[in-house]
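Below, each chain spelled out in residue letters.
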Amino acid sequence: MSDELEGKHGVQSLEVGMGILKAMVGGKRSMMLKDIAAAAEMPPSKAHRYLVSLIRAGLVEQDPLSSRYNLGPFALNIGLVAIDRLDRVRVGMAAIAELRDQINETTALAVWGDSGPVVVRWERPRRAITVNVVTGTRLSLLNSAAGRVFATWLPRAQIDPLLQQELVSEKRLPPGVKTLEDARTLLAEVEARGVAVITGNYMVKGVEALAAPVFNFKNELTMGLIIVGVEGSVDMGPDSSVIAELKRAAESLSRRLGSTRDAPPADD
């Protein structure tokens, strides 16, 4: 077989081995041989032969007490190096561009700044009337959808002092929010829904917004995906396709960044 032909066909045994690794990653925990074989759709005897080679390569390790298999040190090292080389903002920019194409609304990307979320990129939709977003804008924790996302999923010790400052300094607060406990109740609703939705009372009159959290390989909040539209133009209902697309995009980006968190809940 020529080198060119062999390159096109690939190495079948390597592909089988990668299939076992994918099955183990999908299991999200240490696994018994029979479970790995079932997930990889192969006989246990065949899976065992490949596991022996993967153990020798450092990609898999076996617990001598439980006989369960888990990813080995070399597999973990590959993952950490890949994540370290991944530019989160770059992939986030691609995600909001794709989301904009799906829903034809203004989309934006926010990351945490010194004391609040900051817009680092936005994408304009293909429609006559649009909402522009200023790059570098620092967003309110309570009066913006992205702010509520960060206030919901960042550590309370980090967020509570900032919420206290905002409760004192903000001239216009969300309806029913006057105290820190009120703010926590509002944020608990965001967490339960998996997305922040503001309409009719946004920080800018005539504008409504949605935002969803993006998590990294440590399952920590790292970015927020945002949708901004003219008030009344975006479906905010329980069966909203826009909200579904936003959640899908955030979940997909989280997986791209190595997160193993469960998907956000669907709206009732």
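Up top is the structure these notes are about.
Predicted, not measured: the structure shown is a model, and the values here were computed from it.

## Some remarks on the pattern of salt bridges
- All chains considered together, the criterion is met by nine salt bridges.
- Among the ionic pairs, aspartate 35 bridges to lysine 34, the shortest N-O distance being 3.4 Å.
- Of the charged contacts, one joins aspartate 101 and arginine 100 as a salt bridge, the two residues approaching to 2.7 Å between their closest N and O atoms.
- What makes aspartate 101 partly exposed here is its relative accessible area of 43%.

## Regarding the environment of valine 119
- Structurally, valine 119 can be placed in strand E4 (residues 117-123).
- With relative accessibility at 2%, the residue valine 119 sits in the buried group.
- Here the alpha-carbon distance between valine 119 and glycine 224, two residues 105 residues apart in the chain, equals 9.2 Å.
- When residues no more than four places from it in sequence are discounted, the contact partners of valine 119 are Ala108, Leu109, Ala110, Val133, Val134, Thr135, Gly136, Thr137 and Leu139.

## Considerations on the packing of helix H7 (residues 145-153) against helix H9 (residues 180-193)
- The N-to-C vectors of H7 and H9 enclose an angle of 90 degrees; their axes lie 9 Å apart at closest approach. What the angle tells us is that H7 and H9 run roughly perpendicular. For the pair formed by H7 and H9, the contact residues are Arg148, Ala151, Thr152 and Trp153 on the first element and Leu186, Leu187, Val190 and Glu191 on the second.

## Examining the pairing of strand E7 (residues 221-230)
- For E7, the tally of buried residues reaches nine of 10 residues, placing the bulk of the element in the interior.
- Looking at chain direction, strand E3 (residues 106-112) and E7 are connected through five bridges and run antiparallel. Residue leucine 109 lies in a different strand from E7, and its bridge partner there is leucine 225.
- As paired elements, strand E6 (residues 207-215) and E7 share nine bridges and run antiparallel to each other. By the bridge assignment, alanine 209 is partnered in E7 with valine 228.
- Hairpin connection between E6 and E7: a loop of five residues separates the two successive antiparallel strands, and asparagine 219 in this loop has a positive phi of roughly 60 degrees.

Definitions and limits used
- Residues numbered from 1 in each chain as written.
- Predicted model: local features only at pLDDT ≥ 70, side-chain atom pairs only at ≥ 80, totals over all residues.
- Heavy atoms only, no water.
- Salt bridge = Lys/Arg side-chain N within 4 Å of Asp/Glu carboxyl O.
- Buried < 20%, exposed > 50% of the residue type's maximum accessible area, 1.4 Å probe, protein only.
- Helix = DSSP H or I, 4+ residues; strand = E, 2+ residues; numbered from the N terminus.
- Contact = heavy atoms within 4.5 Å.
- Axes fitted to C-alpha atoms, helices over the stretch in contact; angles between N-to-C directions.
- Parallel < 35°, antiparallel > 145°, perpendicular 65-115°, else oblique.
- Pairing = 2+ DSSP bridges.

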